[in-house]
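Notes for the structure review
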Amino acid sequence: MTTTLPDVHQAEPIPQAAWEEVQALLTSADLFRYTAPENSPVARLETAFAEKLGAKYAVAVASCSAALFLSLKALGLPRGAKVLIPAFTFAAVPSSVVHADCEPVLIDVKDNYRIDIEDYLRKLPDADAVMISHMRGHTSDMDAIMQAADAAGIPVIEDAAHSLGTLWNGRKIGTIGKIGCFSFQSYKMLNAGEGGILISEDADLIARAVIMSGAYEHNWKKHPVLHDAFAKWQNELPLYNTRMSNLSAAVILPQLDELERRCVDGLRNHDHMADLLNATPYFNVPPALPQETRAPDSIQFNLVGFTDDQARGFVQELKDRHLGAQVFGLSTDNARAFWNWRFIGPQGPLPQTEAMLVRACDVRLPVRLSLTEVEAIAEAVIAAAETAKMAKAA
Ligand SMILES: *Cc1c(COP(=O)(O)O)cnc(C)c1O
């Protein structure tokens, strides 16, 4: 009866090619991206990533949070500028806004984990920028978002930290807004432990981001952006020193070739589990939007017809089964529940997000899992719901 469940926090092994490159780096001790005159691992990652995404420029940095922060700085937003963000995202997002001396304004999120476009349109006229988190890879309606933002002349930053490989109308997510930001933290599609990258078509904006990331003196000359774009910013901008190390880039580079396969495996695992959960009366897994091709490495679903006590009972059952699953709004101090972002002050009302968070369940599904392992996880989740529903306490 006791099936051992897979460890949902374990990623795929790092490809062998990275081992060789890391060993060479340890021997040469050339870990700083700007020591070599050209072709450092970080520079090669920027070129390869931009090419893969079909973007003109990329800047690799220490984290996606740093990429989001630099994006706001590179846009030249004044102190106190209002930045719209979804009310359902990771705490790093409002944090990056605060870090950039801007003010986050939360958009209500529906029970399909995407922003409420009506609330967005209501709040857009007072905003200076928009930062859309495709939270857990769920893409909000980018057609509606871009149309309104473009008409109002308001820049859109895509937080695609968890969306690498997702398509919207066949276009790569992260290339639709003015800037796209991605994460290489271990729970994302490409794993370097930590790391981030931003992409854009705008040479002037990229020049500012490069300098502020820590390209001091004339290190910007090692970036393939027009020198004219850089020259006028020489000594004009602060240096936040949030560069990527060559070690991280060496670990990421060979994983780029794995991306397509990882996206296919992740979607297969997600859709199989979604079918199993949707076949029960307990759960609803919101479908992808028609324009969207997903690249998930986790699954989110809503509890259907649960009282508060039953939902809490379900959380306890998950815990007892050591599943590593959670209901966002019912776990203590969850970093994705907006009421725990006390550093931005009181927010709201955000009734749809609040209702969603106390019924939305989150289970990691690393792409390395087999379908049999996915089935074991689904069975355990369903058993937890059955037991919780059976309890007479409610
Ligand atoms: C992981 C994540 C981040 C933060 O990425 P870091 O690289 O850890 O800074 C931001 N936004 C979303 C949606 C994420 O999933």
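Above this note sits the structure.
A few words now on the sheet that holds strand β13 (residues 325-327). An order of β10-β12-β14-β13 is seen for the four strands of this open sheet, with the pairing classed as antiparallel. Of all strands in the sheet, those bounded by a partner on one side alone are β10 (283-284) and β13. As paired elements, β10 and strand β12 (residues 298-303) share two bridges and run antiparallel to each other. Across the sheet, residue N284 finds its bridge partner in β12, namely N302. In this fold helix α10 (residues 259-278) packs onto β10 and β12, with an angle of close to 15° to the strand it touches most, β12.

Our next topic: empty space enclosed by the protein. Scanning all chains against the criterion turns up two cavities of 30 Å³ or more. Here the largest cavity is characterised by a volume of approximately 150 Å³. What lines the largest cavity is a set of 13 residues, and nearest its centre among them are A11, E12, K188, M189 and V367. Here the lining of the largest cavity is built from residues that sort into five nonpolar, three polar and five charged. The calculated volume of the second largest cavity comes to roughly 40 Å³. Forming the walls of the second largest cavity are A161, H162, S163, L164, K188, M189, A295 and D297. Partitioned by chemical class, the residues of the lining of the second largest cavity number four nonpolar, two polar and two charged.

Membership of the largest hydrophobic core comes to 103 residues, with the highest contact counts inside it found for L45, F49, V83, Y120, M131 and L198. Excluding its chain neighbours within four sequence positions, the residues that come into contact with L45 are A60, F184, M244, A249, I252, L253 and L256. Core analysis: the next-biggest nonpolar cluster, separate from the first, contains 32 residues, L277, L303, L330 and I377 among them.

What follows concerns the packing of aromatic side chains. For the structure on display, the rule yields twelve aromatic pairs. Where F283 meets F314, the ring centres are 6.0 Å apart and the plane angle is 55°; that geometry is what we call tilted. On the criterion of sequence distance, the pair formed by F283 in strand β10 and F314 in helix α11 (residues 308-320) is long-range, its members being 31 residues apart. For the pair F283 and F314, one class covers both residues: buried. Note on F338 and W339: the rings are 5.2 Å apart at their centroids and 75° apart in plane angle, and the pair reads as edge-to-face. We classify W339 as partly exposed; its relative accessible area is 33%. Clustering of aromatic rings is evident, with ring pairs tying together Y282, F283, F301, F306 and F314. Between the NZ or CZ atom of R364 and the centre of the ring of Y187, over which it lies, the distance is 4.5 Å. Over the ring of F306 we find K389, and its NZ or CZ is 4.6 Å from the ring centre.

Glancing now at the layout of surface pockets. In this structure, the largest pocket encloses a volume near 560 Å³. Lining the largest pocket we find 29 residues, and of these F90, R136, Q185, K188 and R336 sit closest to its centre. Within the residue set of the lining of the largest pocket, elements represented by two or more residues are α3 (64-74), α4 (92-99) and β14 (360-364). In the lining of the largest pocket, the residues fall into nine nonpolar, 13 polar and seven charged.

Sheet architecture is open: three strands sit in the order β7-β6-β11, paired in antiparallel fashion. Strands with a single pairing partner mark the edges of an open sheet, and in this sheet they are β7 (171-172) and β11 (292-293). In this structure, strand β6 (residues 167-168) lies alongside β7, joined through two bridges in antiparallel fashion. For L167, the partnering residue across the bridge sits in β7 and is K172.

Cut-offs used in this document
Residues numbered from 1 in each chain as written. Predicted model: local features only at pLDDT ≥ 70, side-chain atom pairs only at ≥ 80, totals over all residues. Heavy atoms only, no water. Pairing = 2+ DSSP bridges. Helix = DSSP H or I, 4+ residues; strand = E, 2+ residues; numbered from the N terminus. Contact = heavy atoms within 4.5 Å. Axes fitted to C-alpha atoms, helices over the stretch in contact; angles between N-to-C directions. 1 Å grid on protein atoms, 1.4 Å probe; cavity = no way out; pocket = protein on both sides within 12 Å on 5 of 7 lines; lining within 4 Å. Points joined across faces, edges and corners; volume = space filled by probe spheres on them. Nonpolar A, V, L, I, M, F, W, Y, C, P; charged D, E, K, R; others polar. Core = buried A, V, L, I, M, F, W, Y, C linked by side-chain atoms within 4.5 Å. Buried < 20%, exposed > 50% of the residue type's maximum accessible area, 1.4 Å probe, protein only. Phe/Tyr/Trp six-rings, centres within 6.5 Å; stacked < 30°, edge-to-face > 60°. Lys NZ or Arg CZ within 6 Å of the ring centre and 35° of its normal.

Spatial relationships are all this shows, so hold off on functional conclusions.
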